[in-house]
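Observations on chain architecture
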Amino acid sequence: MTRVDSLDRLRAEVCDCRRCPRLVAWREQVAEEKRAAYRDQEYWGRPVPGFGDPAARIVVLGLAPAAHGANRTGRVFTGDRSGDWLFRAMHRAGLANQPTSVSIDDGLALDDVWVTAAVKCAPPANAPLPDERDECRPFLRRELALLGDVRVVVCLGAFAYEAACSYFGVRPRPRFGHLVEVAVTGGPTLVCSFHPSQQNTFTGRLTEPMLDAVFERAVVLAGGARGAARPTAPKRPSNPSNPSNPSRPARRPR
Ligand code: SF4
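Now for a description of the structure that goes with this document. (Residues numbered from 1 in each chain as written. Predicted model: local features only at pLDDT ≥ 70, side-chain atom pairs only at ≥ 80, totals over all residues.)

**Comments concerning the overall build of the chain**
Put simply, the rule is: Helix and strand assignments come from DSSP, with helices taken as H or I runs of at least 4 residues and strands as E runs of at least 2, each series counted from the N terminus. Comment: burial labels come from other C-beta atoms within 10 Å of the residue's own C-beta, placed from the backbone, where a count of 20 or more is buried, 12 or fewer is exposed, and between is partly exposed. In this description, any two residues whose backbone-derived C-beta atoms lie within 7 Å of each other are considered to be in contact.
When its secondary structure is counted, the chain shows eight helices and six strands. Sequence-ordered secondary structure for the chain, helices as α and strands as β, is α-α-β-β-α-α-β-α-β-α-β-β-α-α. Per-residue burial for the chain yields a buried fraction of 48% across its 254 residues. Counting only contacts in the chain whose residues sit at least 6 apart along the sequence, the fraction spanning at least 24 positions is 70%.

See below:
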């Protein structure tokens, strides 16, 4: 089985997962009630798998889908303010073909980067419980193992950093901080970044130059720019569960 096939299979498994009762109830409640601004849209309301370039040398790791962002659109960091910041920065770094990420069919293509989250379901208050984090961890482990060319993991926030350190066996774990780097023996370098949450961006704790510095460093550590993101459809794995839309698995009736 090829890497793309394996990522396809993982994607399908993630999208069908219902292991965490509290998170299943929350993601579906949010999808049912909706935010007023999106009341005419159909929410995704399911786990959100990673996406991007299967040959990526850079992984961007976040915390979890946002209730009215990825939990609505079905693509991680898509349709919320955090994603606005993230994809603008990746576009400036030559890792994305466009600076926006608003919907699953918006033409976004990533080059040399894979974007995912440590927990695949939107949690209440953006805070998964420890047992939910642990329940979801096998998905992240499989995902990272399948992405065989990874040289850099950009950890957006302390939660993602802890998840990456757990996977790569980093002990003791250096204190999290913006632009802190941890070189994993025989593995990639972890590069920490403050999360582009509104709490951080509105307060100036994270600025665009600070985020640019993270991706500039990530590209250097990955071995240099591999080429501009192509203005074509993303290199997303085909989706056997929904051939009409390679990004979006068939919706499970609730
Ligand atoms: S958080 Fe992960 S393990 Fe829990 S229901 Fe969602 S996909 Fe499944």
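**A word on the nonpolar core**
To be explicit about the condition: Among buried residues, those of type Ala, Val, Leu, Ile, Met, Phe, Trp, Tyr and Cys that are joined through C-beta atoms within 7 Å form a set called a nonpolar core.
Among the nonpolar cores identified, the biggest contains 66 residues, and Leu-61, Val-154 and Cys-155 are the most heavily contacted of them. Aside from chain neighbours lying at most four places away, what touches Val-154 is Ile-58, Val-59, Val-60, Leu-61, Val-191, Ser-193, Val-214 and Ala-218.

**Description of the site of the ligand**
The cut-off we apply is this: Throughout this description, a residue near a molecule or strand is one whose C-beta atom, derived from the backbone, lies within 6 Å of it. As a working rule, the residues Ala, Val, Leu, Ile, Met, Phe, Trp, Tyr, Cys and Pro are called nonpolar, Asp, Glu, Lys and Arg charged, and the rest polar, with Gly in that last group.
For the ligand, the set of nearby residues contains 15 residues, the closest of which are Cys-17, Cys-20, Pro-47, Cys-121 and Cys-136. Mapped onto the shell around the ligand, the elements with two or more residues apiece are α2 (21-33) and α5 (130-146). Class assignment of the residues belonging to the shell around the ligand gives a composition of ten nonpolar, no polar and five charged.

**Section: the sheet that holds strand β3 (residues 113-117)**
What counts, and what does not: Strand pairing follows a simple DSSP-based rule, namely that at least 2 bridges must link the two strands.
Read across the open sheet, the six strands follow the order β1-β3-β2-β4-β6-β5; overall the sheet is mixed. Edge strands, defined here as strands with exactly one partner in the open sheet, are β1 (51-52) and β5 (181-183). Pairing geometry for β1 and β3, over two bridges, is antiparallel. Among the inter-strand pairings, Phe-51 is bridged to a residue of β3, identified as Val-115.

**Observations concerning unusual backbone geometry**
With an omega of -10°, the peptide bond between Arg-171 and Pro-172 qualifies as cis. Within the secondary structure layout, Pro-172 lies in the loop between α6 (158-168) and β5. A positive phi is found at Phe-77, a non-glycine position, where the angle reads about 60°. For Phe-77, the position within the fold is in the loop between α3 (70-73) and α4 (81-92). Accessibility expressed as a C-beta count within 10 Å gives 27 for Phe-77, which makes it buried. In the Ramachandran plot, Ala-125 falls in the positive-phi region, its phi being about 60° despite a non-glycine side chain.

**Quick notes on α4**
Convention followed: To estimate how far a helix should extend, the number of its residues minus one is multiplied by 1.5 Å.
A rise of 1.5 Å per residue sets the reference length of α4, with its twelve residues, at 16 Å; its end C-alpha atoms lie 17 Å apart and thus fit the reference within 8%. The buried count for α4 comes to nine of twelve residues, which makes it a mostly enclosed element. Where α4 is concerned, the buried positions are Ser-82, Gly-83, Asp-84, Trp-85, Leu-86, Phe-87, Ala-89, Met-90 and His-91. Buried residues belonging to α4 abut β3, α7 (198-203) and α8 (208-222). Phi for Gly-94, located one or two positions after α4, is positive at around 80°.

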